[in-house]
Amino acid sequence: MKRGANVALTREIPDLTGIVIGVFWDAGSEAVLAENLVAATILCDSASRAVSDEHFVFFNQLSSPDLTVRQLAEVLGADDEQIELDLDQVPAEISRIVVVVYVNEGPVRRRALGQLKHCGIRVMNLADNRELVRSENLAQWLTNETALALGEVYRRGTEWKFRVIGEGYTSGIAGIAADYGVTM
């Protein structure tokens, strides 16, 4: 899927109750960059703002308060990070679930996502791990950004949809936090 493209997940698969979002990258010879990449998830209300700081899921907070979004400790397959979402249990106040990746301490170490050879996001059916969608290589659009909003799962009426975002931030995780109302 290209940046900006979306798909109606639950319309296409009516019995879909859970998904796994895989985040993957290839830093080539930039091992230091790969070691400092962090995937995170922000659970947002209808105004695209984090419901609370506890709705920012990352390595120091591995699940949302209601446990419907969890960062998986054991990653299966070729993904670098995986997030599990129980779509049928997500509270009604959550309208969007945004997945981001950022360079931890990027500006200090002079690392940027533009150094990646490949970066993307995919969605799998939780029931059988079958891949449903995969983004294009988002690394091709990056230069000196240190954070990237990869994609989002969002409600449209009673359905869940997925959209590839692919928006980079030169201001890193602080820029993403400001846009989505997370206090860092």
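The following refers to the structure shown. (Residues numbered from 1 in each chain as written. Predicted model: local features only at pLDDT ≥ 70, side-chain atom pairs only at ≥ 80, totals over all residues. Heavy atoms only, no water.)

### Examining the sheet that holds strand 5 (residues 69-71)
Two modes of strand pairing occur in sheets, parallel and antiparallel, and in both the strands are linked by backbone hydrogen bonds. Read from one edge to the other, the open sheet built from 5 strands follows the order 5-6-2-8-9, with strand pairing classed as antiparallel. What marks the edges here is a single partner per strand, and that holds for strand 5 and strand 9 (131-134). Sheet twist, expressed as the average angle between the axes of neighbouring strands with direction ignored, equals 20°. (Pairing = 2+ DSSP bridges. Helix = DSSP H or I, 4+ residues; strand = E, 2+ residues; numbered from the N terminus. Axes fitted to C-alpha atoms, helices over the stretch in contact; angles between N-to-C directions.)

### Examining the pattern of salt bridges
Working definition: two side chains of opposite charge can pair if their charged atoms are close together. Evaluated as defined, the whole model comprises 10 salt bridges. Note that Glu159 and Arg11 form a salt bridge whose closest N and O atoms lie 3.4 Å from each other. Of the two residues, Glu159 is situated in strand 11 (residues 159-169) and Arg11 in helix 1 (residues 9-12); the sequence distance between them amounts to 148 residues. Overall, Glu159 belongs to the partly exposed group, its relative accessible area being 22%. Across the pair Asp128 and Arg130 runs a salt bridge, and its minimum N-O distance is 3.6 Å. Overall, Asp128 belongs to the partly exposed group, its relative accessible area being 43%. The partly exposed category is assigned to Arg130, whose relative accessible area is 43%. Here the salt bridges share partners, and the residues they tie into one network are Asp79, Arg122, Glu131 and Arg134. (Salt bridge = Lys/Arg side-chain N within 4 Å of Asp/Glu carboxyl O. Buried < 20%, exposed > 50% of the residue type's maximum accessible area, 1.4 Å probe, protein only.)

### Description of the pairing of strand 11
For strand 1 (residues 6-8) and strand 11, the ladder comprises 3 bridges, and the chain directions are antiparallel. Following the sheet pairing, Ala8 is matched in strand 11 by Lys161. With antiparallel pairing between neighbouring strands as the criterion, strand 10 (residues 147-156) and strand 11 make up a hairpin whose turn holds 2 residues, including Gly157 at a positive phi of roughly 70°.

### Let's talk about helix 4 (residues 172-180)
Considered for burial, the residues of helix 4 that qualify are Gly172, Ile173, Gly175, Ile176, Ala177 and Tyr180. In the core, the buried residues of helix 4 are packed alongside strand 3 (37-44), strand 4 (56-57), strand 7 (96-103), strand 10 and strand 11. Immediately downstream of helix 4, the backbone of Gly181 shows phi near 75°, a positive value. (Contact = heavy atoms within 4.5 Å.)

### Structural notes on the nonpolar core
Ranked by internal contacts, the top residues of the largest apolar core, which has 38 residues, are Ile19, Leu85, Leu116 and Leu150. The set of elements that each furnish at least two residues to this core consists of strand 2 (18-26), strand 3, strand 6 (81-86), strand 7, strand 8 (118-125), strand 10 and strand 11. Val38, Ile173, Tyr180 and Val182 belong to the second-largest nonpolar core, a separate cluster that totals 19 residues. (Core = buried A, V, L, I, M, F, W, Y, C linked by side-chain atoms within 4.5 Å.)

### Observations regarding the packing of aromatic side chains
The way to describe two aromatic rings as a pair is by their centre distance and the angle between their planes. Overall, the coordinates contain 2 aromatic pairs when judged by the stated rule. A ring pair is formed by Phe56 and Phe58, whose centres lie 4.9 Å apart and whose planes are at 40°; its orientation type is tilted. Looking at Phe56, the relative accessible area reads 4%, which means it is buried. Overall, Phe58 belongs to the buried group, its relative accessible area being 16%. With 5.1 Å between their ring centres and 70° between their planes, Phe58 and Phe59 make a pair best called edge-to-face. On the accessibility criterion, Phe59 (43% relative accessible area) is partly exposed. Among the aromatic residues, those joined into a cluster by ring pairs are Phe56, Phe58 and Phe59. The ring of Trp141 has Arg3 lying over it, and the distance from NZ or CZ to the ring centre is 4.2 Å. (Phe/Tyr/Trp six-rings, centres within 6.5 Å; stacked < 30°, edge-to-face > 60°. Lys NZ or Arg CZ within 6 Å of the ring centre and 35° of its normal.)

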